[in-house]
Amino acid sequence: MGHSFSDKDESKELDIASLSYSHHHTENTRYVYKVGFPPKRNFIAEITDRVKETFFADDPLHRYKDQPRSRKLMLGLQYFFPILEWGRHYNLGKFKGDLIAGLTIASLCIPQDIGYSKLANLDPQYGLYSSFVPPLIYSVMGSSKDLAIGPVAVVSLLLGTLLQNELDPVKDKEEYRRLAFTATFFAGITQAALGFLRLGFLIEFLSHAAIVGFMAGAAITIALQQLKGFLGIQKFTKKTDIISVMRSVWGSAQHGWNWQTIIIGATFLAFLLFAKYIGKKRKNLFWVSAIAPLLSVIISTFFVYITRADKHGVQIVNKIEKGLNPSSIHQIHFTGSYAAKGFRIGVVAGMIGLTEAIAIGRTFAAMKDYQLDGNKEMFALGTMNTIGSMASCYVATGSFSRSAVNFMSGCNTTVSNMVMSSVVLLTLVLITPLFKYTPNAILSSIIISAVIGLIDYEAAYLIWKVDKLDFIACMGAFFGVVFESVEIGLLIAVSISLAKILLQVTRPRTALLGNLPRTTVYRNIEQYPEATKVPGVLIVRVDSAIYFSNSNYVKERIIRWLRDEEEQLKAKNLPRIDFLIVEMSPVTDIDTSGIHALEELCKSLQKRNVQLGLANPGPVVIDKLRLANFTELIGQDNIFLTVGEAVMAFAPKPLQDA
């Protein structure tokens, strides 16, 4: 026991000696290193820098510096048409990889496109049209080597749901189709505008957690919608929420289900899931899962044809129009009420399409270690959808399942999209009549097997472990889609994401700091329990910029820290707090409301006979404090370079003498 006490005394002596040495050293040097003031800048220069960092953070004009005019022109063309850059180095070896990848994703996209067009309440050929023109445009303008373009399940469902709220796809078929093209046109304009104006950061407002929940909810909604074709139900609800769908399913159980259809759907769904399992387990057999949908269509179509199962209640595709995309430019509404409705629907569909495509593109770009320019991608996606809307296409974007197959097939450039587009062209021109006897059940099975991958259990569990607030956003989006509708789920996802941002901005974190023994380092006492408080001094760190939205909260929270600390000291009969130091290293900016809050804090502390000190304010902050004359109010001798120096200046006499 005596030895233990001796060790503690020795430790205390070392701590005091260390603090004393730090104090004497600081006494000699702390007046040399004062908090620096940045050089004065004119208003125009400040605004220019702010705009540059907001819209041109990647410095896109750097490559044009010191280049001749002809070279600048070529670089400008290469920016909008990347094929002009990589096309010069293209060779036969790369084409072989792109050819194999293109043929592989074509075998996957053809049956998917036919199914996805039904989600959008459009005829099957419109899904194929959307995998012909848009991929060709993207292959010339896109910068992702791996992104496979075409209709996707979530956007198709979203588009179909929003359009169906305006027009009946059966009774007003032609007007419904016109509104679909109008929405696609405005989706493209929105996407291209965001890219051209470099406003891509706007899509970041939909958090990763919200996207995970939204995609999972959309996957379940899509799968439930497929029960109509999977079970052979004739009359089915137009609503998408789970309660309405299940009521419709069970309501038609006695007379509405077709057992032949169920056998076809269940058999091929099991086959597709097994093929997908093989593709995941054995990476070299990825082509099995890629070719399985087309193989299922061929086998099931042949089976229905030879057995004439369509005569026994098995619903079939019936007819897919043969030929190239007809022009639809005259069908787009540019004025009137339908133009406004198309704009509203197009903006929503375009933003979701962008979010999905950019996320997928960045994922595969990271795998191959190349940079993806988000703004350039947006412009390419927007251009392809704008042109596509004039060629009877609906909203196309990057597909995760096809992009994954494209990646694993060994694609090298966007030529794989050209190959896929060429195969779709041949399909439209030559073999669409062969799909006449394709059962709807197989299309439902293909869609169900495809959307299952959108339910990311592991990501949801990780979100739960890491951030409970993020998990609430995830579940809010999920339940909104499943129990209400896609648009409500999307609204909840955006609302919760924005609410989280507002919460973090309006209620920033603050922390009490203590001294780590034998150092002059001060850290959060909750993170470092061994950190000790300095007698008579309270040190508070503010972990955010101080703006009008949080300035009053920051002031009140600091005063509350002081009140709580004084109550604890009073209860223990310890000396009161004489000095309060605000560590401002994390405070990146401050506005006039923030400065006003600091002034009120200073006056409040003066009434309590507590001296306020600031430690390490950044250049932007100290410059604004100086311009507002706050440095004179508080006194420049009370603004310090580090917390350690502030403590040495403010520490009570007994501690200094030690």
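Preceding block: the structure.
Residues numbered from 1 in each chain as written. Predicted model: local features only at pLDDT ≥ 70, side-chain atom pairs only at ≥ 80, totals over all residues. Heavy atoms only, no water.

Asker: Explain the overall build of the chain here, please?
Answerer: Broken down by element type, the chain carries 28 helices and eight strands. Oriented by its inertia axes, the alpha-carbon framework of the chain measures out at about 100 × 70 × 55 Å. Across the 658 residues of the chain, 50% fall into the buried class. Sequence-distant contacts, at least 24 apart, represent 80% of the contacts inside the chain between residues at least 6 apart. In the structure as shown, the chain presents an accessible area of about 32,000 Å², 62% of it carried by carbon and sulfur atoms. Across the chain, the mean location of the 66 positive side-chain charges is 8 Å away from that of the 55 negative side-chain charges. (Helix = DSSP H or I, 4+ residues; strand = E, 2+ residues; numbered from the N terminus. Buried < 20%, exposed > 50% of the residue type's maximum accessible area, 1.4 Å probe, protein only. Contact = heavy atoms within 4.5 Å. Areas by Shrake-Rupley, 256 points an atom, 1.4 Å probe, with all protein chains shown as cover. Lys, Arg positive; Asp, Glu negative; His and termini not counted. Charge placed at Lys NZ, Arg CZ, Asp CG, Glu CD.)

Asker: Which parts of the structure should I look at to understand the pairing of strand 3 (residues 510-515)?
Answerer: Along any regular strand the residues' side chains alternate between the sheet's two faces. Across the six residues of strand 3, six count as buried, placing the element largely inside the fold. Covered by surrounding structure in strand 3 are T510, L512 and G514 together with A511, L513 and N515, the residues of both alternating faces. One ladder, built from three bridges, connects strand 3 with strand 5 (residues 537-542); its direction is antiparallel. What sits directly across from L512, in strand 5, is V540. As consecutive antiparallel partners, strand 3 and strand 4 (residues 522-524) are separated by six residues, and within that stretch R518 has a phi angle of approximately 65°, a positive value. (Pairing = 2+ DSSP bridges.)

Asker: Which parts of the structure should I look at to understand the side chain of T184?
Answerer: Among the structural elements, T184 can be located in helix 9 (residues 173-196). Look past the residues within four positions of T184 in its chain and what remains in contact with it is N385, S389, C393, Y394 and V395.

Asker: Even after reading the chapter, I still don't get the packing of aromatic side chains, so can you show me in this structure?
Answerer: Each aromatic ring pair is described using two quantities: the centre-to-centre distance and the angle formed by the ring planes. Taken as a whole, this structure holds 18 aromatic pairs when the rule is applied. Where F196 meets F379, the ring centres are 6.3 Å apart and the plane angle is 40°; that geometry is what we call tilted. With a gap of 183 residues between them, F196 in helix 9 and F379 in helix 16 (residues 374-389) connect regions that are remote in the sequence. Ring pairs connect the aromatic residues Y79, F80, F196 and F379, which therefore count as one cluster. (Phe/Tyr/Trp six-rings, centres within 6.5 Å; stacked < 30°, edge-to-face > 60°.)

Asker: Looking at this structure, I do not really get the environment of S107. What am I missing?
Answerer: Take S107: it is sitting in helix 5 (residues 92-119). Owing to a relative accessible area of 9%, S107 belongs among the buried residues under this scheme. Sequence separation of S107 and T438 is 331 residues, and the distance between their C-alpha atoms is 15 Å. Apart from residues lying up to four places away in sequence, S107 is in contact with A290, I291 and L294.

Asker: Sorry if this is basic, but what is going on with the pairing of strand 6 (residues 579-583) here?
Answerer: With four of five residues buried, strand 6 is to be regarded as a mostly interior element. Remark: the strand 5/helix 23 (residues 551-571)/strand 6 crossover connection has right-handed handedness. In this structure, strand 6 lies alongside strand 7 (residues 611-615), joined through five bridges in parallel fashion. For E583, the partnering residue across the bridge sits in strand 7 and is A615. Crossover handedness for the path strand 6 to helix 24 (residues 592-607) to strand 7: right-handed. (Right-handed = clockwise from strand over helix to strand, strands pointing away.)

Asker: What is the right way to look at the packing of helix 20 (residues 457-466) against helix 21 (residues 468-483) in this model?
Answerer: The packing of two helices is summarised by the inter-axis angle and the distance between the axes. With their axes 6 Å apart at the nearest point, helix 20 and helix 21 run at an angle of 140° to one another. Here helix 21 runs oblique to helix 20, going by the angle between their axes. The crossing of helix 20 and helix 21 is left-handed. Taken together, the residues of helix 21 that come into contact with helix 20 (itself represented by A460, I463, W464, K465 and V466) are K468, D470 and F471. Grouping the amino acids of the contact of helix 20 with helix 21 by side-chain chemistry returns five nonpolar, no polar and three charged. (Axes fitted to C-alpha atoms, helices over the stretch in contact; angles between N-to-C directions. Parallel < 35°, antiparallel > 145°, perpendicular 65-115°, else oblique. Left-handed = near helix turned anticlockwise from the far one by under 90°. Nonpolar A, V, L, I, M, F, W, Y, C, P; charged D, E, K, R; others polar.)

Asker: How should I be thinking about the nonpolar core in this particular structure?
Answerer: The nonpolar side chains of soluble globular proteins are, as a tendency, buried together. The biggest cluster of nonpolar side chains holds 99 residues, and the ones touching the most others in it are L159, F214, I222 and I352. When sequence neighbours within four positions are dropped, the list of residues in contact with I352 reads V154, V155, L158, L206, F214 and L490. If you look at the next biggest cluster of nonpolar residues, it comprises 32 residues, including L512, L538, I634 and I639. (Core = buried A, V, L, I, M, F, W, Y, C linked by side-chain atoms within 4.5 Å.)

Asker: I keep staring at the pattern of salt bridges and nothing clicks. Help me out?
Answerer: If the charged atoms of two oppositely charged side chains come close together, the side chains can form a pair. Per the counting criterion, the structure on display carries 16 salt bridges. One salt bridge in this structure joins E566 and R608, with 3.5 Å as the shortest N-O distance. In this pair, E566 sits in helix 23 while R608 sits in the loop between helix 24 and strand 7, placing the two residues 42 residues apart along the sequence. According to the relative accessible area criterion, R608 is partly exposed, its value standing at 29%. Residue R626 pairs with D623 through a salt bridge whose shortest N-O separation is 2.6 Å. With R626 and D623 both in helix 25 (residues 619-627) and three residues apart, the pair spans about one turn of that helix. On the basis of relative accessibility, which here comes to 19%, the residue D623 falls in the buried class. It is possible to trace a salt-bridge network through shared partners that takes in E166, K341 and R344. (Salt bridge = Lys/Arg side-chain N within 4 Å of Asp/Glu carboxyl O.)

What is shown is where atoms sit, not what they do.
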